[in-house]
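Architecture at a glance
Spelled out, the chains give:
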Amino acid sequence: MPKSPTKRRPITRSALTESAWALFTEKGFHTTSISDIVERAGLTRGAFYSNYRDKEEIFLALYDAHADQLLTELREAAAQVEPGDNPVVGIQSRLVGRTEEERRWFLVSMEFTLHAARHPDLARQLAVHENRLNQGLTEVLGQALTGAGLRPTIPLEDLARLLTALFEGLTAQELTNGPDYDGHHLTPHVISALTEPVAG
């Protein structure tokens with residue numbers, strides 16, 4: 001029996017997002033067209049427009065999926081932090097385990113960020129998704145600090161944003177300086193400088 005439209009919808013969306021992700025990483029966001037996406041997915045433009053308004057919306061769907069997977073892994077890492085640990089070491093090691101995937105994501109997301117920066121309405125949409133991720137990262141960092149017996153000396157959300165900016169900046173430097181460059185040993189210094197032991 002043929003699947004109903006309702007049952008086909010998740011399958012169609014999955015095929016479209018997988019196709020878009022593959023093309024965005026291979027060709028870049030700007031170079032990829034909707035025609036490219038549907039052709040690779042083996043679907044029609046009508047199938048695309050019944051699920052997404054445009055290429056930007058499918059990227060934001062990918063953004064949320066990536067954020068959810070990342071936060072799941074970081075929560076697992078944060079739960080393993082113990083007193084005396086530097087809380088970002090375990091979290092960062094989980095990211096390092098995803099290095100190649102994170103590099104591909106970094107390139108696509110930075111390209112999209114620059115695109116959004118030139119379009120105020122899209123920038124506002126992206127900010128909503130970024131804020132959701134930052135909220136999750138703040139919670140993860142708080143869990144890790146608690147496990148290590150530390151507390152931040154600045155607002156926790158500010159510390160989370162600083163660490164995100166540092167990680168993104170160091171990733172960019174790695175991409176330009178080559179595989180022998182490793183600046184991520186700097187990140188734990190930020191934690192040491194901006195946290196203190198919990199009294200007692």
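This structure is a prediction, so every number in the text was calculated from the model and none was measured.

A word on the pattern of salt bridges
Per the stated rule, a full pass over the model turns up nine salt bridges. We note a salt bridge from E57 to R53, for which the minimum N-O separation is 3.5 Å. Owing to a relative accessible area of 24%, E57 belongs among the partly exposed residues under this scheme. On the basis of relative accessible area, R53 is assigned to the exposed category, the value being 55%. We note a salt bridge from D64 to R132, for which the minimum N-O separation is 3.7 Å. In this pair, D64 sits in helix 4 (residues 55-78) while R132 sits in helix 7 (residues 120-148), placing the two residues 68 residues apart along the sequence. Judged by its relative accessible area of 41%, R132 falls in the partly exposed class. Each of D64, D68 and R132 takes part in salt bridges that share partners, so that together they form one network.

Overview of the UniProt feature "DNA-binding region" (unreviewed entry) in the chain
As recorded in UniProt, the feature "DNA-binding region" (unreviewed entry) lies at residues 33-52. Within the segment residues 33-52, helix and strand shares are 65% and 0% respectively, and the terminal C-alpha atoms sit 13 Å apart.

Thoughts on the nonpolar core
F24, F48, F59, F112, L141 and I191 are the most contacted members of the largest nonpolar core, which has 42 residues in total. Only helix 1 (5-27), helix 2 (34-41), helix 4, helix 5 (87-96), helix 6 (99-117), helix 7 and helix 8 (156-177) provide two or more residues apiece to this core. The leading source of residues in this core is helix 4, at 11 residues. Built from parts of two domains, this core gets at least three residues from each of domain 1 (1-52) and domain 2 (55-197). Excluding residues within four positions of it along the chain, F24 makes contact with F29, T32, I37, K55, I58, F59, L62 and V108.

Observations regarding helix 9 (residues 187-194)
T187, P188 and I191 are the residues of helix 9 that are buried. All buried residues of helix 9 lie within an arc of 100 degrees about the axis, which places them on one face of the element. Those residues of helix 9 that are exposed and aimed more than 90 degrees away from the buried face are H189 and A193.

What about the layout of surface pockets?
In this structure, the largest pocket encloses a volume near 730 Å³. The wall of the largest pocket is formed by 32 residues, among which L70, L137, T164, F167 and E168 lie closest to the centre. Of all the secondary structure elements, the ones that give two or more residues to the lining of the largest pocket are helix 4, helix 5, helix 6, helix 7 and helix 8. In terms of residues, the lining of the largest pocket owes the most to one element, helix 7, which gives eight residues.

Structural notes on the confidence of the model for the chain
Per-residue pLDDT for the chain averages 89, and the proportion of residues at 70 or more is 92%. At the low end of the mean pLDDT range in the chain sits helix 5, at 72; at the high end sits helix 2, at 97.

Remarks on the UniProt feature "domain: HTH tetR-type" (unreviewed entry) in the chain
In this numbering, the UniProt entry assigns the feature "domain: HTH tetR-type" (unreviewed entry) to residues 10-70. Strand forms 0% of residues 10-70 and helix 77%; the C-alpha atoms that close the span are 22 Å apart.

Overview of the packing of helix 8 against helix 9
Between helix 8 and helix 9, the shortest axis-to-axis distance is 10 Å and the interhelical angle comes to 160 degrees. As summarised for this structure, helix 8 and helix 9 are arranged roughly antiparallel, according to the angle between their axes. Crossing of helix 8 against helix 9: the hand is right-handed. Packed against helix 8, whose contacting residues are L159, L162, L163, L166 and L170, the element helix 9 presents T187, V190, I191 and L194 at the interface. When grouped by side-chain class, the residues that make up the contact of helix 8 with helix 9 number eight nonpolar, one polar and no charged.

Parameters and conventions
- Residues numbered from 1 in each chain as written.
- Predicted model: local features only at pLDDT ≥ 70, side-chain atom pairs only at ≥ 80, totals over all residues.
- Heavy atoms only, no water.
- Salt bridge = Lys/Arg side-chain N within 4 Å of Asp/Glu carboxyl O.
- Buried < 20%, exposed > 50% of the residue type's maximum accessible area, 1.4 Å probe, protein only.
- Helix = DSSP H or I, 4+ residues; strand = E, 2+ residues; numbered from the N terminus.
- UniProt positions renumbered as here; feature names shortened; annotations may be inferred.
- Core = buried A, V, L, I, M, F, W, Y, C linked by side-chain atoms within 4.5 Å.
- Domains from an automatic or database assignment.
- Contact = heavy atoms within 4.5 Å.
- Arc of directions from axis to C-beta.
- 1 Å grid on protein atoms, 1.4 Å probe; cavity = no way out; pocket = protein on both sides within 12 Å on 5 of 7 lines; lining within 4 Å.
- Points joined across faces, edges and corners; volume = space filled by probe spheres on them.
- pLDDT = per-residue confidence, 0-100.
- Axes fitted to C-alpha atoms, helices over the stretch in contact; angles between N-to-C directions.
- Parallel < 35°, antiparallel > 145°, perpendicular 65-115°, else oblique.
- Left-handed = near helix turned anticlockwise from the far one by under 90°.
- Nonpolar A, V, L, I, M, F, W, Y, C, P; charged D, E, K, R; others polar.

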